[in-house]
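Here is what each chain is made of, one letter per residue.
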Amino acid sequence: QAGGAVLQFADGRTAEGELVVAADGIRSTLRQQLLPEAQPAYAGYIAWRGLVEESALSEPTRAAIFDQFAFCLPPQEQMLGYPVAGADDAVAVGRRRFNFVWYRPASEAALADLLTDEDGQHHGGGIAPQRIRADIVRAMRQAAETVLAGS
């Protein structure tokens, strides 16, 4: 449409607008339709992401970081964390969660290994947590003990 866009959804609904923002992630359906040649490129790092129940944090840790946007900046790496709602969107003290993301450099060969599960299946677009090999998790936890602050 001249000067705008009309979107048609799988269920038959349509929507019109002057601008369409495709903010549906790395596997963007809209980007694949409009720009199939635009493919994600590996940036040279991986991210470990997790959620911790607020109640599982020690009192000193909770007091130091929970109400903050917290950073840890080891050489060549970055970890950040911030509070989020808990189960059932709970925001009461003690029922929230702390979200963290730890960015670590990794070669393309290391990435291929990290994305290969116990059965030897490679998950190129990302691996589900339950498919990550036990040796990879052990190595990550060892690295956390030596690299991250407070360990």
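First things first, this report covers the structure right here in the doc. (Residues numbered from 1 in each chain as written. Predicted model: local features only at pLDDT ≥ 70, side-chain atom pairs only at ≥ 80, totals over all residues. Heavy atoms only, no water.)

**Quick word on the overall build of the chain**
Counting its secondary structure elements, the chain contains 4 helices and 6 strands. Ordered by position from N to C terminus, the α and β elements of the chain give β-β-α-β-α-β-β-β-α-α. Computed over its C-alpha atoms, the radius of gyration of the chain comes to 20 Å, more than 25% above the 15 Å expected for a compact globule of 151 residues. Each of the 151 residues in the chain was classed as buried or not, and the buried ones make up 26%. (Helix = DSSP H or I, 4+ residues; strand = E, 2+ residues; numbered from the N terminus. Rg over C-alpha atoms; globule rule 2.2 N^0.38 Å. Buried < 20%, exposed > 50% of the residue type's maximum accessible area, 1.4 Å probe, protein only.)

**A look at unusual backbone geometry**
With phi around 65°, Gln76 is a residue other than glycine that occupies positive phi space. Secondary-structure assignment places Gln76 in the loop between strand S4 (70–72) and strand S5 (78–84). In this structure, Asp88 takes a positive phi of about 55° despite not being glycine. Looking at Asp88, the relative accessible area reads 74%, which means it is exposed.

**As for the layout of surface pockets**
Its boundaries defined by the atoms lining it, the largest pocket holds a volume of some 1,100 Å³. Together, 36 residues line the largest pocket, and Ala47, Leu115, Gly125, Gly126 and Ile127 are the ones closest to its centre. Considering each element in turn, the lining of the largest pocket owes the most residues, 6 residues, to strand S3 (residues 45–53). (1 Å grid on protein atoms, 1.4 Å probe; cavity = no way out; pocket = protein on both sides within 12 Å on 5 of 7 lines; lining within 4 Å. Points joined across faces, edges and corners; volume = space filled by probe spheres on them.)

**Concerning the sheet that holds strand S6 (residues 97–105)**
Spatial strand order, S3-S6-S5-S4: 4 strands in an open sheet with antiparallel pairing. Because the sheet does not close on itself, it has two edges, and the strands there are S3 and S4. Taken over all neighbouring pairs, the strand axes of this sheet differ in orientation by 15° on average, direction set aside. In this sheet, S6 lies alongside S3 in antiparallel orientation, the contact comprising 9 bridges. Within S6, the position partnered with Ile46 by the bridge is Arg104. Lying over the sheet, helix H4 (residues 134–147) contacts S3 and S6, oriented at roughly 95° with respect to S6. (Pairing = 2+ DSSP bridges. Axes fitted to C-alpha atoms, helices over the stretch in contact; angles between N-to-C directions. Contact = heavy atoms within 4.5 Å.)

**Re the environment of Asp89**
Here Asp89 is to be found in the loop between S5 and S6. For Asp89 and Ala63, which are 26 residues apart along the polypeptide, the C-alpha to C-alpha distance reads 22 Å.

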